[in-house]
Amino acid sequence: MIMKHELPKLPYSYNALEPFIDAKTMEIHYTKHHQTYVDKLNAALEKYPELQKKKVEDLLKNLNSIPEDIRTLVRNHGGGHLNHSFFWKILTLKKTDPSPKLKAAIEKKFGSREKFMEEFSNKATALFGSGWCWLVLKDKKLEIITTPNQDSPISQGFISLIGLDLWEHAYYLKYQNKRPEYISAFWNILNRDEVSRIYEEAIK
Ligand code: MN
């Protein structure tokens, strides 16, 4: 059976994250940008029925096994699809807190929550061009990384806990060139319950 990749349902309305992310940005980001990654991923896989059965995670985990003629398309559009599906899930306007286990791991690795947020924000600010900043886990250890374009941490063997979209399309309508303001707004809408859930599942 041919499986078409689909845009996941957004878990909230376009205006749910106002004023930190404006409704217009959310609508365009989800219905245009994310949809395009989905469509182009499906188009790239058309010639390869055996790959159409695979989950996007499995395609990206082993990019070298993807036929060369579509490898870059899968990397970019499969990555775009997975990264955005993840991003929507870790945003909320609800007040949330990291679980005791995640809090302890953050404090152990970075010294304090504040120091972690500062390091993450600095890396996100310094990323040149389009890409993402991530808190990831490998061998149950926390790390902050950035990836260019739509490269997914999963392709490097990481489990994503936090991901921040740093493409201008994610913030330009509201923040224009002020990426640091968008990054500080992000901390108000990070769903720490969801991040904690992913963390605790990953360290089991
Ligand atoms: Mn985006």
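Residues numbered from 1 in each chain as written. Predicted model: local features only at pLDDT ≥ 70, side-chain atom pairs only at ≥ 80, totals over all residues. Heavy atoms only, no water.

1. Some points on the coordination of the manganese ion
Where we set the bar: The rule for donors is simple: N, O or S, within 2.8 Å of the metal, or within 3.2 Å if the metal is Na, K or Ca. Water isn't counted, so a site may look like it is missing partners. Exposure categories follow from relative accessible area, calculated using a 1.4 Å probe and restricted to protein chains: below 20% of the type maximum is buried, above 50% is exposed, and the middle band is partly exposed.
The coordination sphere of the manganese ion, as far as protein atoms go, consists of His29 (NE2), His84 (NE2), Asp165 (OD) and His169 (NE2), spread over 1.9 to 2.1 Å. Summarised as a motif, the one-chain spacing of the donors to the manganese ion is H-x54-H-x80-D-x3-H. Side by side, aspartate 165 and histidine 169 carry an identical accessibility label, which is buried.

2. Some remarks on the domain arrangement of the protein chain
This is how the line gets drawn: Bear in mind that the domain bounds are from an automatic or database domain assignment. Any two residues having at least one pair of non-hydrogen atoms within 4.5 Å are treated as being in contact. A quick way to say it: buried area is the sum, across both parts, of accessible area lost when two parts are put together, with a 1.4 Å probe. When a carboxyl oxygen of Asp or Glu is within 4 Å of a side-chain nitrogen of Lys or Arg, the pair counts as a salt bridge. The definition of a polar contact used here is a pair of N or O atoms within 3.5 Å, where within protein one atom must be able to donate a hydrogen and the other to accept one, and adjacent residues in sequence count solely through side-chain atom pairs. The classification used treats Ala, Val, Leu, Ile, Met, Phe, Trp, Tyr, Cys and Pro as nonpolar, Asp, Glu, Lys and Arg as charged, and all other residues, Gly among them, as polar.
As far as domains go, the protein chain holds domain 1 (23-89) and domain 2 (100-202). Look at where the C-alpha atoms of domain 1 and domain 2 centre, and you get two points 21 Å apart. Every contact between the two is made by 20 residues of domain 1 and, on the other side, 24 residues of domain 2. Considering only the side of domain 1, the residues that lose the most area to domain 2 are Asn83, Phe86 and Phe87, jointly responsible for 35% of the buried surface there. Seen at the junction of domain 1 and domain 2, the total is 1 salt bridge. When the shortest N-O distance is used, the salt bridge between arginine 75 and aspartate 151 registers 2.8 Å. Linking domain 1 to domain 2 there are 8 residue pairs in polar contact (both at pLDDT 80 or more). Residues that form the side of domain 1 that touches domain 2 fall into these classes: 7 nonpolar, 8 polar and 5 charged.

3. Some points on the pairing of strand β3 (residues 159-165)
Where a strand is regular, its side chains alternate between the two sheet faces. Inclusion rule: A run of DSSP states H or I qualifies as a helix once it reaches four residues; a run of E qualifies as a strand once it reaches two. Both are numbered from the N-terminal end. One requirement defines pairing of two strands: DSSP has to find at least two bridges between them.
Within β3, 6 of the 7 residues are buried, which leaves the element mostly enclosed by the surrounding structure. In terms of strand pairing, strand β1 (residues 131-138) meets β3 through 6 bridges, oriented antiparallel. Bridge assignment links tryptophan 134 to a residue of β3, and that residue is glycine 163.

4. Some thoughts on helix α1 (residues 23-45)
Side chains three or four residues apart in an α-helix point the same way, a direct result of the helix having 3.6 residues per turn. Which entries qualify depends on this criterion: For a helix, the expected span equals 1.5 Å multiplied by the number of residues minus one. Bend at a residue means the angle formed by two fitted axes: the first through the 7 residues ending at that position, the second through the 7 residues beginning there.
The end-to-end C-alpha separation of α1 is 32 Å, in line with the 33 Å expected for 23 residues at 1.5 Å each. The sharpest bend along α1 measures roughly 30 degrees and falls at histidine 29. Among the residues of α1, those classed as buried are Thr25, Met26, His29, Tyr30, His34, Tyr37, Val38, Leu41, Asn42, Ala44 and Leu45. At its buried positions, α1 is contacted by α2 (49-52), α3 (56-61), α4 (68-89), β3 and α7 (172-175).

5. Some points on the layout of surface pockets
Quick reminder of the rule: The distinction between a cavity and a pocket rests on a 1 Å grid over the protein atoms alone: a 1.4 Å probe fits inside a cavity but cannot get out, while a pocket stays open yet meets protein on both sides within 12 Å along at least five of seven lines, and a residue with an atom within 4 Å of a point counts as lining. Grid points are joined across faces, edges and corners, and a volume is the space filled by probe spheres set on the points.
By volume, the largest pocket amounts to about 570 Å³. Listed by contribution, the elements that provide at least two residues to the lining of the largest pocket are α3, α4, β3 and α9 (192-202). No other element matches the 6 residues that α4 contributes to the lining of the largest pocket. Considered class by class, the residues forming the lining of the largest pocket number 11 nonpolar, 6 polar and 7 charged. Structurally, the lining of the largest pocket is a two-domain feature, drawing no fewer than three residues from each of domain 1 (23-89) and domain 2 (100-202).

6. Section: the side chain of asparagine 191
Along the chain, the position of asparagine 191 falls in the loop between α8 (179-189) and α9. Owing to a relative accessible area of 10%, asparagine 191 belongs among the buried residues under this scheme. Setting aside residues up to four positions removed in sequence, asparagine 191 forms contacts with Lys89, Ile90, Leu91, Thr92 and Thr96.

7. Here we look at helix α6 (residues 113-126)
With 14 residues, α6 extends 20 Å between its outermost C-alpha atoms, agreeing within 8% with the 20 Å of an ideal straight helix rising 1.5 Å per residue. Against α5 (100-110), β1, β2 (141-148), β3 and α8 lie the buried residues of α6.

8. Points about unusual backbone geometry
In this structure, the amide linkage connecting glutamate 18 to the following residue, proline 19, adopts the cis form with an omega of 0 degrees. Considering the arrangement of structural elements, one finds proline 19 in the segment before α1.

9. Structural notes on the packing of aromatic side chains
The line we're drawing: The aromatic pairing rule takes the rings of Phe, Tyr and Trp, using the six-membered ring of Trp, and pairs them if the centres are within 6.5 Å, calling planes under 30 degrees apart stacked, those over 60 edge-to-face and the rest tilted. We call a charge positioned above a ring when the Lys NZ or Arg CZ atom is no farther than 6 Å from the ring centre and deviates by at most 35 degrees from the ring normal.
For the structure on display, the rule yields 14 aromatic pairs. Ring centres 4.8 Å apart and planes at 25 degrees place the aromatic pair tyrosine 171 and tyrosine 182 in the stacked group. With tyrosine 171 in the loop between β3 and α7 and tyrosine 182 in helix α8, this residue pair connects regions lying 11 residues apart in the sequence. The same class applies to tyrosine 171 as to tyrosine 182, namely buried. Between phenylalanine 186 and tryptophan 187, the ring centres sit 5.5 Å apart and the planes meet at 55 degrees, which makes this aromatic pair tilted. The exposure class of phenylalanine 186 is buried, given its relative accessible area of 2%. Here tryptophan 187 falls in the buried class, since its relative accessible area comes to 10%. An aromatic cluster of three or more residues is present, and its members are Tyr14, Tyr30, Phe86, Phe87, Trp88, Trp132 and Trp134. Between the NZ or CZ atom of lysine 174 and the centre of the ring of tyrosine 175, over which it lies, the distance is 5.7 Å.

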